[in-house]
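Read off the chains here:
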Amino acid sequence: MIMTPESQAIAFLGALILGLALGLLYDLIRPFRLHARRWAEFLLDLFYWLLVTVAVFAFAPLLGDGKIRIYYIIAHFL
């Protein structure tokens with residue numbers, strides 16, 4: 001599948017929104033992490049990173065025909 005510039009822009013915006021949502025989720029989890037014991041903090045971190053991994057790799061087939069493009073990763077970090 002050849003991606004047009006319009007579909008690339010939509011994919012970039014989608015990745016940017018996903019990155020913002022994952023950042024918001026981390027901020028929502030932070031108060032629980034600050035008052036948690038070490039093992040609970042570890043479990044919260046593990047849960048968060050598993051969720052992030054699933055979200056990022058589930059996003060790619062939706063907009064990029066199963067290919068992970070470099071601008072997806074850049075948008076997630078922005």
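Quick caveat, the model's predicted, so the values are computed rather than measured. (Residues numbered from 1 in each chain as written. Predicted model: local features only at pLDDT ≥ 70, side-chain atom pairs only at ≥ 80, totals over all residues. Heavy atoms only, no water.)

Chemist: What exactly am I supposed to notice about the nonpolar core here?
Modeler: As a rule of thumb, soluble globular proteins bury nonpolar side chains together. Of all hydrophobic cores here, the largest spans 14 residues; its most connected members are L22 and Y72. Mapped onto this core, the elements with two or more residues apiece are α1 (5–34), α2 (38–64) and α3 (70–77). What L22 contacts, discounting residues up to four positions off in sequence, is Y48, V52 and A55. (Core = buried A, V, L, I, M, F, W, Y, C linked by side-chain atoms within 4.5 Å. Buried < 20%, exposed > 50% of the residue type's maximum accessible area, 1.4 Å probe, protein only. Helix = DSSP H or I, 4+ residues; strand = E, 2+ residues; numbered from the N terminus. Contact = heavy atoms within 4.5 Å.)

Chemist: What's the story with the environment of L28 in this structure? I'm lost.
Modeler: Mapped onto the elements of the fold, L28 is located in helix α1. When its relative accessible area of 52% is taken as the criterion, L28 is described as exposed. Once the C-alpha coordinates of L28 and L78 are considered, the two residues, 50 residues apart in sequence, prove to be 18 Å apart.

Chemist: Mind showing me how you'd approach the packing of aromatic side chains here?
Modeler: The relation between two aromatic rings is expressed through the spacing of the ring centres and the mutual angle of the planes. On inspection of all chains with the given rule, the structure shows 2 aromatic pairs. Their ring planes at 80° and their centres at 5.2 Å tell us that Y48 and W49 sit as a pair that is edge-to-face. Judged by relative accessible area, which is 8%, Y48 ranks as buried. With relative accessibility at 52%, the residue W49 sits in the exposed group. (Phe/Tyr/Trp six-rings, centres within 6.5 Å; stacked < 30°, edge-to-face > 60°.)

Chemist: Looking at this structure, how should I read the pattern of salt bridges?
Modeler: Here the idea is simple: oppositely charged side chains can pair when their charged atoms come close. Evaluated as defined, the whole model comprises 1 salt bridge. Across the salt bridge formed by R30 and D27, the nearest N and O atoms sit 3.0 Å from each other. Taken together, the positions of R30 and D27, both in helix α1 and 3 residues apart, correspond to about one turn of that helix. (Salt bridge = Lys/Arg side-chain N within 4 Å of Asp/Glu carboxyl O.)

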